[in-house]
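Structure assessment
Chain residues, written in single-letter form:
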Amino acid sequence: MSTQLRHRVARMTNIRIRSEHPLPSPAQLKADLPMTEKAWKTIGTARKIGQRILRGVDPRFMLVLGPCSVHSTEDCLEYGRWLSVLQKKFGSRIFFMMRLCFSKPRTKPDWTGFWSDPDLDGSYDIEKGWREGRRLALDLSELGIPIATEYNDIPGQQRFDDLYSLYWIGAREVTNQQLRQVASALSCPVGFKNPISGPLQPALDSLAFAKTSHSLPAVSDSGIMAKFETTGNPDGFLILRGTHHGPNYCPEQVAEAQHALTAQGLSPRLVVDFSHANSGKDHKAQIEVCRSVANQVASGVPIFGGLYESNLLDGSQKIVIRSGQKPTIESGVSITDSCDGLGRSHDLIKELFDALGNR
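First, a word on what this report is: a plain description of the structure on this page. (Residues numbered from 1 in each chain as written. Predicted model: local features only at pLDDT ≥ 70, side-chain atom pairs only at ≥ 80, totals over all residues. Heavy atoms only, no water.)

1. A short note on the side chain of Ser 69
- Looking at the element boundaries, Ser 69 is found in the loop between strand E1 (61–66) and helix H4 (73–90).
- You can call Ser 69 buried: its relative accessible area is 3%.
- A distance of 2.8 Å separates the side chain of Ser 69 from the side chain of Thr 336, its partner in a polar contact.
- What Ser 69 contacts, discounting residues up to four positions off in sequence, is Cys 101, Lys 104, Trp 111, Ile 335 and Thr 336. (Helix = DSSP H or I, 4+ residues; strand = E, 2+ residues; numbered from the N terminus. Buried < 20%, exposed > 50% of the residue type's maximum accessible area, 1.4 Å probe, protein only. Polar contact = N/O pair within 3.5 Å; in protein donor to acceptor, adjacent residues only side chain to side chain. Contact = heavy atoms within 4.5 Å.)

Here it is, written out as structure tokens:
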């Protein structure tokens, strides 16, 4: 290529890139913040238990609970310490995993999560988000708290894939081809939420797709593009999260979903999301979803788990991201979806525990 042509080509590409900054590879970040013996035991044990619950071998109910999104590592650690107490109190019937979501999918411009903007000021210090986030995940694992997350940010997840015990793909991304392929390679169970529009088939298709082997190009831990060949993930499951038209956790809708799963040769065992459209985005309504689910489980319906949005304090708070200006935030309150505080959360868990004793 001539010098003149090289200059022409340079003027055709990256014309909207303002700046470029190198970031640590997955291998580098994992080396800087390595797995510990205690964290490894927490994660490995939780992955095995999650598989056993999914397959109906372990009779416990799996409850994934925690803040809608991470914005304060201190708040999350405090929540994790509270959850470690509940593990001892209710662990005979409920297996707890903490929801730890660093990335938020958005339909409109908004804060996209701790990984992208940990300081909430438009500075987008991605490396800081990754490093502080990985430190938090390790600290929680050291406490004996297994963690779960929504899978939507492939570069971020590659730097945390040794730390999670369960993933799910959200309603907005459930038909994403790349995420479905990656799901076939994940080392732990992965759930698929029904789309917001309502039909179950896209989620069922993704579930079946992830069970099979695939070949895909992706960045390796060393940071080099490589071709990966996957074996397929046998530990996929459906999550009912409600729709634009209303909830879908009622017995008739659950039976319909299980019939659809069976008709496609998939396991009828599924998870119900207590929040989002099932609760009409009203955190106080999550208890009603939980009661229905508990009654169904007690009657033999194969619902093996639930997702529950819970935080230190009730409700949510609205923030506005302004460049160079960190917003004033009330500690312990969600900045995305509304959550139940610790009082409501304890009451819900106690009611669920008692109802599970009726099986």
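2. Considering the packing of aromatic side chains
- Taken as a whole and judged by the stated rule, the model has 10 aromatic pairs.
- Ring centres of Phe 102 and Phe 160 lie 5.4 Å apart, and the angle between their planes is 45°; on these two criteria the pair is classed as tilted. A residue pair is termed long-range when its members are at least 10 positions apart, and Phe 102 in the loop between strand E2 (94–99) and helix H5 (126–142) and Phe 160 in the loop between helix H6 (154–158) and strand E4 (166–169) qualify at 58 residues. Phe 160 carries the same exposure label as Phe 102, and that label is buried. (Phe/Tyr/Trp six-rings, centres within 6.5 Å; stacked < 30°, edge-to-face > 60°.)

3. Comments concerning the sheet that holds strand E3 (residues 147–150)
- The eight strands are arranged E1-E2-E3-E4-E5-E8-E9-E10 in a closed barrel whose pairing can be described as parallel. Direction aside, the axes of adjacent strands within the sheet are offset by 30° on average.
- In this structure, strand E5 (residues 190–193) lies alongside strand E8 (residues 236–240), joined through four bridges in parallel fashion. By the bridge assignment for E8, Gly 191 is matched with Phe 237.
- Contacts from H4 reach E1 and E2, with the element oriented near 175° to E2.
- The sheet strands contacting helix H10 (residues 286–298) are E1, strand E9 (270–273) and strand E10 (303–309), and the helix crosses E10 at an angle near 170°. (Pairing = 2+ DSSP bridges. Axes fitted to C-alpha atoms, helices over the stretch in contact; angles between N-to-C directions.)

4. What about helix H8 (residues 201–211)?
- Three or more residues of H8 are buried, namely Ala 203, Leu 204, Ser 206, Leu 207, Phe 209 and Ala 210.
- Where the residues of H8 are buried, they touch helix H7 (177–183), E5, E8 and helix H9 (251–263).

5. Concerning the packing of H10 against helix H11 (residues 342–356)
- Their axes nearest at 9 Å, the elements H10 and H11 cross at an angle of 15°. By the angle between their axes, H10 is roughly parallel relative to H11. The handedness of the crossing between H10 and H11 is right-handed. For the pair H10 and H11, contact is made by Gln 286, Ile 287, Cys 290, Arg 291, Ala 294, Val 297 and Ala 298 and by Leu 348, Glu 351, Leu 352, Ala 355 and Leu 356, respectively.
- Grouping the amino acids of the contact of H10 with H11 by side-chain chemistry returns nine nonpolar, one polar and two charged. (Parallel < 35°, antiparallel > 145°, perpendicular 65-115°, else oblique. Left-handed = near helix turned anticlockwise from the far one by under 90°. Nonpolar A, V, L, I, M, F, W, Y, C, P; charged D, E, K, R; others polar.)

6. Looking at the pattern of salt bridges
- Applying the stated criterion to the full structure yields 17 salt bridges.
- The partner of Arg 131 in a salt bridge is Glu 127, and the shortest N-O contact between them spans 2.9 Å. Within this pair, Arg 131 and its partner Glu 127 are both found in helix H5, separated by four residues, close to a single helical turn.
- Under the relative-accessibility criterion, Glu 127 is labelled partly exposed at 27%.
- Across the salt bridge formed by Lys 193 and Asp 273, the nearest N and O atoms sit 2.9 Å from each other. Placement of Lys 193 in strand E5 and of Asp 273 in strand E9 is noted, with a sequence separation of 80 residues between them.
- Take Lys 193: its relative accessible area is 4%, and that puts it in the buried class.
- Residue classification places Asp 273 among the buried residues on the basis of a relative accessible area of 1%.
- Salt bridges here are not isolated pairs; linked through shared partners, they connect Lys 30, Asp 161 and Asp 221. (Salt bridge = Lys/Arg side-chain N within 4 Å of Asp/Glu carboxyl O.)

7. Comments concerning unusual backbone geometry
- Even without being a glycine, Asn 14 presents a positive backbone phi close to 55°.
- Looking at where Asn 14 falls in the secondary structure, it is placed in the loop between helix H1 (3–10) and helix H2 (26–32).
- One non-glycine residue, Lys 281, adopts positive backbone phi at about 60°.
- Looking at the element boundaries, Lys 281 is found in the loop between E9 and H10.

8. Focus on H5
- Its 17 residues give H5 an end-to-end C-alpha distance of 24 Å, which sits within 8% of 24 Å, the value for a rise of 1.5 Å per residue.
- Along H5, the residues that are buried comprise Gly 129, Trp 130, Gly 133, Arg 134, Leu 136, Ala 137, Leu 138, Leu 140 and Ser 141.
- Those residues of H5 hidden inside the fold are in contact with H2, helix H3 (37–54), H4, E2, E3 and H6.
- Downstream of H5 by one or two residues, Gly 144 has phi in the positive range, about 90°. (Expected span 1.5 Å × (residues − 1).)

9. Describing the pairing of E8
- Across the five residues that make up E8, a large majority, five, are buried.
- Here E8 shows two buried faces, one formed by Gly 236, Leu 238 and Leu 240 and the other by Phe 237 and Ile 239.
- Inspection of the sheet shows E8 paired to E9 by three bridges, in the parallel sense. Pairing of Leu 238 across the sheet is with Leu 270, part of E9.
- Considered for its hand, the β-α-β crossover made up of E8, H9 and E9 is right-handed. (Right-handed = clockwise from strand over helix to strand, strands pointing away.)

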